[in-house]
Amino acid sequence: MADEQRFIRPSEIETLELDWGTIKWLSTPETTGSETFSAGIVVVEPGKGHERHTHPDSEEVLFVLSGRGVQMIDDEEQEIRPGDMLHIPAGVEHSTTNTSWEPLRFLAMYGPPGPEAEIRHLAECTVVPPGERTQG
């Protein structure tokens, strides 16, 4: 997006579709001009999750909006539910798994931004243009 936005509607943002769910990066340097963080809504489908990985140069904060799951941070694993906030330091391995019957939704933030652009370019990521429906 050429112009920095102050009011962001999810329907106007592309969706990143992965085999475990979807992500909409609502605040990135490209959309809002933010230089210190990025933020988006992540949906992990029932029974699915993403592999352990790290973001070497960015901290991550997750805020659970709905659903339930298991979050692993470093070697600690805990059940997560709505209202929980999680902090993942830069370079620490982590993974998320949805253990419920409904989608697990959370707000994800990176500081500084960067990992959201890396996810977009993964081979297993399909970019769905704004306004188009995802397969999930």
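Below: a short report on this structure. All residue numbers refer to position in the chain's written sequence, counted from 1. Under the rules for a predicted model, residues below a pLDDT of 70 receive no local features and side-chain atom pairs below 80 are neither given nor counted, while totals for whole chains, interfaces and linings still include all residues. Note that the side-chain values use all heavy atoms of the structure and ignore hydrogens as well as water.

### Describing the overall build of the chain
Moving on, step 1. In terms of regular secondary structure, the chain is built from 1 helix and 11 strands.
Moving on, step 2. When its helices and strands are written in sequence order, the chain yields β-β-β-β-β-β-β-β-β-β-α-β.
Moving on, step 3. In this treatment the radius of gyration is a C-alpha quantity, and the globule benchmark scales as 2.2 Å times the residue count to the 0.38 power. Relative to its length of 136 residues, the chain is compact, with a C-alpha radius of gyration of 14 Å against a globular reference of 14 Å.
Moving on, step 4. Seen through its principal axes, the chain has C-alpha atoms that stretch 40 × 30 × 30 Å.
Moving on, step 5. Partly exposed describes any residue whose relative accessible area lies between the buried limit of under 20% and the exposed limit of over 50%, with all areas from a 1.4 Å probe on protein chains only and scaled to the type maximum. In the chain, which comprises 136 residues, the proportion classed as buried is 40%. Helix numbers and strand numbers start at the N terminus; a helix is a DSSP run of H or I with at least 4 residues, a strand a run of E with at least 2.

### Points about the nonpolar core
Moving on, step 1. Grouped together as the largest cluster of nonpolar side chains are 20 residues, with contacts concentrated most on Ile23, Trp25, Val42, Phe106 and Ile119.
Moving on, step 2. Elements represented by at least two residues in this core include exactly strand S1 (15-18), strand S2 (21-27), strand S3 (38-44), strand S5 (59-66), strand S8 (85-88) and strand S10 (104-111).
Moving on, step 3. The biggest single contributor to this core is S10, with 4 residues. Only buried Ala, Val, Leu, Ile, Met, Phe, Trp, Tyr and Cys residues count toward a nonpolar core, and they belong to the same one when joined by side-chain atoms within 4.5 Å.

### Some details on the sheet that holds S8
Moving on, step 1. Taking strand neighbours across the sheet as the criterion, the 7 strands line up as S8-S5-S10-S3-S2-S1-S11 in an open arrangement whose pairing is antiparallel. Looking along the sheet, the strands with just one partner apiece sit at the ends: S8 and strand S11 (126-128). Averaged over all pairs of adjacent strands, the angle between strand axes in this sheet comes to 25°, irrespective of strand direction.
Moving on, step 2. Examined bridge by bridge, S1 and S11 share 3 bridges and lie antiparallel to one another. Within S11, the residue paired with Leu16 across the bridge is Val127. At least two bridges found by DSSP between two strands is the condition for calling them paired. Simply put, an axis is a line fit to the C-alpha atoms, just over the touching stretch for a helix, and the angle between two N-to-C directions goes from 0 to 180 degrees.

### Digging into the pattern of salt bridges
Moving on, step 1. Salt bridge, as applied in this entry: a Lys or Arg side-chain nitrogen positioned within 4 Å of an Asp or Glu carboxyl oxygen. In the structure shown here, the tally under the stated rule is 4 salt bridges.
Moving on, step 2. Across the pair Arg52 and Glu93 runs a salt bridge, and its minimum N-O distance is 2.9 Å. With Arg52 in strand S4 (residues 49-53) and Glu93 in the loop between S8 and strand S9 (94-98), this pair connects stretches of sequence that are 41 residues apart.
Moving on, step 3. On the basis of relative accessibility, which here comes to 32%, the residue Arg52 falls in the partly exposed class.
Moving on, step 4. Residues joined by salt bridges that share partners form a network here, namely Arg52, Asp75 and Glu93.

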